[in-house]
Amino acid sequence: MSKLSLADKAFETIKTAIANNYFKPGDKLSICELSERFQIGQSPLREALARLSAVEVIECEAMKGYRVPTINLAEFDDLYRARSVLTPELAKLIIQNVTDQWEGELIGAQHQLKKIELRAEGAQSFDEWQKYHTAFVSKLIEGCRSPTLIRLHNILYDQAERYRRIWFNACIQNGLESYRTYTNYHQAFVDAVVARDVVRLTEAFSDKMEHWVREAREIIVGLQHIPNGGCREILNNGCKYS
């Protein structure tokens, strides 16, 4: 296996571990410990950590090394403020560049996500739901045909993954399964694309984001009152909130 592919493996392994709350917020990421834990060489790990820091999945502090970001309401707000600035341009370009083939692929991705969201037992885990949700979102954003905007969107999407996990697990823990309510928002994206309506697509982005941010923000506010040492079980299993 080449050095590049080893670095790619290390990048995905650490990113997934962080999203899965394998590390708790604020944990230091020691290259020696990571190498032993994941059986990956130190050289590809250094490259992977540098790349993860560049896209702000992890933090790098001078003379202190790398660490997992804390659960941070200000960061959460800033991420979604940036996404709200980006989405109107994405919507415009998506409608300008619609093709029949891409539209069909988008409808197929939405159908697969809808089946998971609406089946009787629901999604079995965040990872299962995330797989189909990411496939749908990626296909939608791909429609803008702008490599730079796609890259910017993906950076923000990856940075928000741990917040999506917290939200999903809290929903399940509280018996809300409110991720199912997003089926209508996902359908609104498809309907706007089929209608070639940029206003409706822009509104679909805005409506879904406003609803989700409101729900997730309430959960994050609750978590910020819990010391880091007590966060791991909550992050993995959800939390009760009023």
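Parameters at a glance
Residues numbered from 1 in each chain as written. Predicted model: local features only at pLDDT ≥ 70, side-chain atom pairs only at ≥ 80, totals over all residues. Heavy atoms only, no water. Helix = DSSP H or I, 4+ residues; strand = E, 2+ residues; numbered from the N terminus. Buried < 20%, exposed > 50% of the residue type's maximum accessible area, 1.4 Å probe, protein only. Contact = heavy atoms within 4.5 Å. Areas by Shrake-Rupley, 256 points an atom, 1.4 Å probe, with all protein chains shown as cover. Axes fitted to C-alpha atoms, helices over the stretch in contact; angles between N-to-C directions. Parallel < 35°, antiparallel > 145°, perpendicular 65-115°, else oblique. Nonpolar A, V, L, I, M, F, W, Y, C, P; charged D, E, K, R; others polar. 1 Å grid on protein atoms, 1.4 Å probe; cavity = no way out; pocket = protein on both sides within 12 Å on 5 of 7 lines; lining within 4 Å. Points joined across faces, edges and corners; volume = space filled by probe spheres on them. Core = buried A, V, L, I, M, F, W, Y, C linked by side-chain atoms within 4.5 Å. Expected span 1.5 Å × (residues − 1). Arc of directions from axis to C-beta. Phe/Tyr/Trp six-rings, centres within 6.5 Å; stacked < 30°, edge-to-face > 60°.

## Structural notes on the overall build of the protein
Now for step 1: For the protein, the helix and strand inventory stands at eleven helices and three strands.
Now for step 2: Listing each helix as α and each strand as β along the protein from the N terminus yields α-β-α-α-β-β-α-α-α-α-α-α-α-α.
Now for step 3: Considering the protein as a whole, with its 242 residues, one finds that 45% of them fall into the buried category.
Now for step 4: By sequence separation, contacts in the protein at least 24 residues apart represent 75% of the contacts at least 6 residues apart.
Now for step 5: In the form shown here, the protein has an accessible surface area of approximately 12000 Å², with 52% of it arising from carbon and sulfur atoms.

## A few points about the packing of helix H7 (residues 147–159) against helix H8 (residues 161–173)
Now for step 1: It is at 4 Å that the axes of H7 and H8 come closest, and there the two elements cross at 45 degrees. Taken together, the axes of H7 and H8 are oblique relative to one another. The residues of H8 that touch H7, namely those facing Tyr 157, Asp 158 and Gln 159, are Glu 161, Arg 162, Tyr 163 and Arg 164.
Now for step 2: Residue composition of the contact of H7 with H8, grouped by class: two nonpolar, one polar and four charged.

## Quick look at the layout of surface pockets
Now for step 1: Each pocket or cavity is described by its volume, and for the largest pocket that value is around 180 Å³.
Now for step 2: Forming the boundary of the largest pocket are Glu 56, Ile 58, Glu 59, Pro 69, Glu 75, Asp 78, Leu 79, Ala 82, Ile 155, Leu 156 and Gln 159.
Now for step 3: When contributions to the lining of the largest pocket are tallied by element, the ones reaching two or more residues are helix H4 (73–96) and H7.
Now for step 4: Here the lining of the largest pocket gets four residues from one element, more than from any other, and that element is H4.

## A few points about the nonpolar core
Generally speaking, nonpolar side chains in soluble globular proteins are found buried as a group.
Now for step 1: Counting residues in hydrophobic clusters, the biggest one holds 48 residues, and the most contacted among them are Phe 76, Trp 167, Leu 201 and Trp 212.
Now for step 2: Of all elements in the fold, only H4, helix H5 (100–118), helix H6 (126–142), H7, H8, helix H9 (183–195) and helix H10 (198–223) reach the threshold of two or more residues within this core.
Now for step 3: Counting residues in each nonpolar core, the second largest holds 19 residues, with Phe 38, Leu 49, Leu 52 and Tyr 66 among its members.

## Observations concerning helix H3 (residues 42–54)
Now for step 1: Along its 13 residues, H3 runs 18 Å from first to last C-alpha, staying within 8% of the 18 Å computed at 1.5 Å per residue.
Now for step 2: The complete set of buried residues in H3 reads Pro 44, Leu 45, Ala 48, Leu 49 and Leu 52. Seen along its axis, H3 keeps its buried residues to an arc of 135 degrees; they face one direction.
Now for step 3: Glu 56 occupies a position one or two residues after H3 and carries a positive phi of about 65 degrees.

## Some details on the packing of aromatic side chains
Now for step 1: Following the criterion strictly, the structure yields 15 aromatic pairs and no others.
Now for step 2: Aromatic side chains Phe 76 and Trp 212 sit 5.7 Å apart centroid to centroid with 40 degrees between the ring planes, which places their arrangement in the tilted category. A residue pair is termed long-range when its members are at least 10 positions apart, and Phe 76 in helix H4 and Trp 212 in helix H10 qualify at 136 residues. Accessibility assignment for this pair places Phe 76 and Trp 212 in one class, buried.
Now for step 3: Note on Trp 167 and Phe 168: the rings are 6.5 Å apart at their centroids and 70 degrees apart in plane angle, and the pair reads as edge-to-face.

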